[in-house]
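# Structure at a glance
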Amino acid sequence: MLRVLTWNIRTGGRDRGGPDRLDRVVDVVAGLAPDVLALQELRGFDRGGLMAEVAGRLGMTAHLARSCFGQPVAVLVRPPLHVLDAGTLRRPFHHAAVRVVVATSAGPLTVLGTHLYPYSGGRRRMEVDWLVAATRRAPGPLTLIAGDLNSLDPTVDHTARLAGLPDLYRRRHLRRTGGAVDTRAVARLLAAGLVDLWPASADGAPEADGLTVPTRFGGAEFAGMRLDYLFGTPEVAARVRGCRVVRGGPADTASDHYPLLAELAVDPAPH
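Attention here is on the structure that accompanies the text. Given the structure is predicted, the values throughout are model-derived calculations rather than measurements. Sequence order as written defines residue numbering, which begins from 1 separately in each chain. Side-chain atom pairs in this predicted model are given and counted only at pLDDT of 80 or more, local residue features only at pLDDT of at least 70, and totals for whole chains, interfaces and linings cover all residues. The basis for every side-chain value is the complete set of heavy atoms in the structure, and neither hydrogens nor water enter the calculation.

Let's shift gears to the side chain of T11. Secondary structure elements are defined from DSSP: runs of H or I of at least 4 residues count as helices, runs of E of at least 2 residues count as strands, and each element is numbered from the N terminus. Within the secondary structure, T11 sits in the loop between β1 (2–8) and α1 (22–32). Think of a polar contact as two N or O atoms within 3.5 Å of one another; within protein, one of them needs to be a possible hydrogen donor and the other a possible acceptor, and neighboring residues in sequence only count if both atoms come from side chains. Side-chain polar atoms of T11 contact the backbone oxygen of R14, separated by 2.9 Å. Should any heavy atoms of two residues lie within 4.5 Å, those residues are considered in contact. Look past the residues within four positions of T11 in its chain and what remains in contact with it is R21, E41, R43 and Q71.

Time to look at the packing of aromatic side chains. When the centres of two rings from Phe, Tyr and Trp lie within 6.5 Å, Trp using its six-membered ring, the rings pair. Their planes under 30 degrees apart give stacked, over 60 give edge-to-face, and anything left gives tilted. All chains considered together, the criterion is met by 3 aromatic pairs. Seen in terms of ring centroids, F93 and W130 are 5.2 Å apart; in terms of plane orientation they differ by 75 degrees. Their pairing is edge-to-face. Pair noted here: F93 is in the loop between β5 (82–88) and β6 (97–104) and W130 is in helix α3 (residues 121–136), with a separation of 37 residues, a long-range link. Just as F93 is buried, W130 falls in that class too. It is R21 that lies over the ring of F217; its NZ or CZ is 4.7 Å from the centre. Residue exposure (1.4 Å probe, protein chains only): buried if accessible area is under 20% of the type maximum, exposed if over 50%, otherwise partly exposed. A positively charged side chain is recorded as over a ring if its NZ (Lys) or CZ (Arg) lies within 6 Å of the ring centre. The angle to the ring normal must also be within 35 degrees.

So, about the environment of M60. Checked against the element boundaries, M60 lands in the loop between α2 (50–58) and β3 (61–65). Taking the C-alpha atoms as reference points, M60 and R78, separated by 18 residues in sequence, lie 4.5 Å from one another. Residues in contact with M60, not counting those within four places in the same chain, are P34, D35, V36, L37, A55, L76, V77 and R78.

Another aspect to go through is the pattern of salt bridges. When a carboxyl oxygen of Asp or Glu is within 4 Å of a side-chain nitrogen of Lys or Arg, the pair counts as a salt bridge. Inspection of the entire model under this criterion finds 16 salt bridges. In this structure, R216 and D252 form a salt bridge, with 3.6 Å as the shortest nitrogen-oxygen distance. Residue R216 is located in the loop between α7 (197–202) and β10 (228–232), and its partner D252 is located in the loop between β11 (240–245) and β12 (260–264); the two are separated by 36 residues in the primary sequence. One continuous salt-bridge network, built from bridges that share partners, spans R10, D15, R21 and D256.

Attention shifts here to the nonpolar core. The criterion is simple. A nonpolar core is a set of buried Ala, Val, Leu, Ile, Met, Phe, Trp, Tyr and Cys residues joined through side-chain atoms within 4.5 Å. Among the nonpolar cores identified, the biggest contains 31 residues, and V75, L109 and L230 are the most heavily contacted of them. If near-sequence neighbours (up to four positions away) are discounted, V75 is found in contact with V36, L37, A38, T61, A62, H63, V98, V100, V111 and G113. By size, the runner-up hydrophobic cluster in this structure holds 25 residues, among which are V26, L39, A251 and L261.

With that settled, consider α1. Among the residues making up α1, those that are buried are L22, V25, V26, V28, V29 and L32. All buried residues of α1 fall inside an arc of 160 degrees around its axis, so they share one side. Among the exposed residues of α1, those oriented more than 90 degrees off its buried face are D27 and G31. Tucked into the core, α1 has its buried residues touching β1, β2 (36–40), α2, β11 and β12. Of the residues one or two after α1, A33 is the one with positive phi, at around 50 degrees. What the arc covers is the set of directions going from the helix axis to the C-beta atoms.

So, in C-alpha cells, the structure goes:
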C-alpha cells in the first residue's frame, strides 16, 4: 500500500515575527509516514540547506522546484520507492510545479506537485492546462496531481460560503465577467478525464469532511473550502483504498491548511 500526502504548510512552516511551526509540520508528516509527500509554500527551503534538513528528518529524498514569482514546491519520496525521473515543469507557474516518476509494482507512477495561482481563476485555468499536458506526456497510465489548487469544486454550490468573505478574498473565486463562481480549473481537470480522489472515495461522507481550510491556526481569506486536491488518472483512482483530510492534534495548528492523505493499492517495485 502506497501512502500519498499533500500539504500546504504556509510560508515554510515559519511566520515572520510569529511562532515557528516547522517542528509541528515534521511531527505530523512523520506520524503519517507517507511514501510520497507533496509540499507547498516552502519559503526559504531553496537556500541554506533547509530542504535537505527537513527531508533528512523525515527519512525522505526531496525534489524541489524553485519559483520566480511565488514560493517553491517539492515532492519527497521515501525508500524503498525508486525515483526513475524528476524535474521542474518548465512553464511560468506563479509558484512552481515539480514532476517525479517512481517505480511501482503496477508500472511508473508520475506525481505532479503544484500550487496554483491564488488571485485569478483565468490564470489557474492556464496553469491547469499545463498540468494536463504534462499528464499526457507521462510514461504510463498512472499519474497523480497533488497540491493546493486554490480552486473550488464545480459540483458544489459555493454561493453562501463566499458571501461571508470580505470582497478582497471573495474576488479570487469569482469570474471577472458576470461575477459567477469560478470553478474552471477543477472543471478542466475533470473534463480531461482525471478523477477527484476525495469524493470518489468518500462514500457519502458529509461535504465538511473534505474541507481543507481554514484550520484552528487561522485563515481569514477562507470560508470553509476544499482547496487541496489529489487528482488521479482512472488507473490511479481504481487503486485508491481511502482518501481523507487529516485533522486533530498538531495538524490543527501547524498550518492554515489541513493535509490530505490517500492510500493506493500499489507497492514499490523491486530495485
